[in-house]
Amino acid sequence: MTGRRDRVVLLIAIFKVAKAITLIAAGIGAFRLLDPAVAARVEGWLAQVQLAPGRRIIGFLSRADDRKIEALGGLAFAYAILFLVEGTGLLMRKRWGEWFTIIITGSLLPFEIYEIFKGVSAAKVATVIVNAAVVIYLVIRVRKRVNSPQSPKIG
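About the cut-offs
- Residues numbered from 1 in each chain as written.
- Predicted model: local features only at pLDDT ≥ 70, side-chain atom pairs only at ≥ 80, totals over all residues.
- Heavy atoms only, no water.
- Core = buried A, V, L, I, M, F, W, Y, C linked by side-chain atoms within 4.5 Å.
- Buried < 20%, exposed > 50% of the residue type's maximum accessible area, 1.4 Å probe, protein only.
- Helix = DSSP H or I, 4+ residues; strand = E, 2+ residues; numbered from the N terminus.
- Contact = heavy atoms within 4.5 Å.
- Expected span 1.5 Å × (residues − 1).

A. Local environment of the nonpolar core. Val9, Ile12, Ala13, Leu90, Ile102, Leu109, Ile116, Val128, Val134, Val135, Leu138 and Val142 form the largest nonpolar core, which has twelve residues in total. Per-element tally for this core: the top contributor is helix H6 (residues 122-147), with five residues. Ignoring any residue separated from it by four or fewer positions in sequence, one finds Leu138 in contact with Val9, Ile12, Glu98, Thr101 and Ile102. Counting five residues, the second largest nonpolar core, distinct from the first, contains Ala30, Leu33, Val38 and Ala64.

B. The arrangement of helix H4 (residues 66-91) in detail. In this model, H4 (26 residues) spans 37 Å end to end at C-alpha, consistent with the 38 Å of a helix rising 1.5 Å per residue. Within H4, burial applies to Ile69, Gly73, Ala76, Ala80, Phe83, Glu86, Gly87, Gly89 and Leu90. Count one or two residues on from H4 and you reach Arg93, which has phi positive near 55°.

C. A look at the side chain of Glu98. On the secondary structure map, Glu98 appears in helix H5 (residues 95-118). For Glu98, a relative accessible area of 4% puts it in the buried group. Every residue in contact with Glu98, bar those within four places of it in the chain, is listed here: Val9, Leu90, Leu138, Arg141, Val142 and Arg145.

D. Up close: the environment of Leu90. Its place among the elements puts Leu90 in helix H4. Assessed through its relative accessible area of 3%, Leu90 is described here as buried. Each C-alpha atom of the pair Leu90 and Ile14 lies 8.9 Å from the other, and the pair is 76 residues apart in sequence. With residues up to four places along the chain from it excluded, the contact list for Leu90 reads Val9, Ile12, Ala13, Gly97, Glu98 and Thr101.

Next up, the structure:
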């Protein structure tokens, strides 16, 4: 059973690292939008894409000044750092990685739930379900280890 649990933790770690890589790319992209030529090309491309999210992005880009774009890029990098720390801790099979993931992922759930109340979408619901499952799984895993007869007792 330990091998299966390790595979689940590995899957969570890979998921966290993949999110970090995506956010790094988004952050780089945001900073590239500070170049007016790049911004015009991206806006033209998004105008041709007939997806609702594309329209929201166009609306944001048309109203965003350099400070907002810089803030968006900085926020993407900040979240990427959190996800990289989570993923690295889990990949290294460190207890602190599990605790860090529980705390960070759990602390973001209320904001994700709030976003659902602002407007329901399948992506938002799936995000909450996946992140809640990650937190629940890791809490159960940590509690089992703490309550196991093999764990050292402190106190």
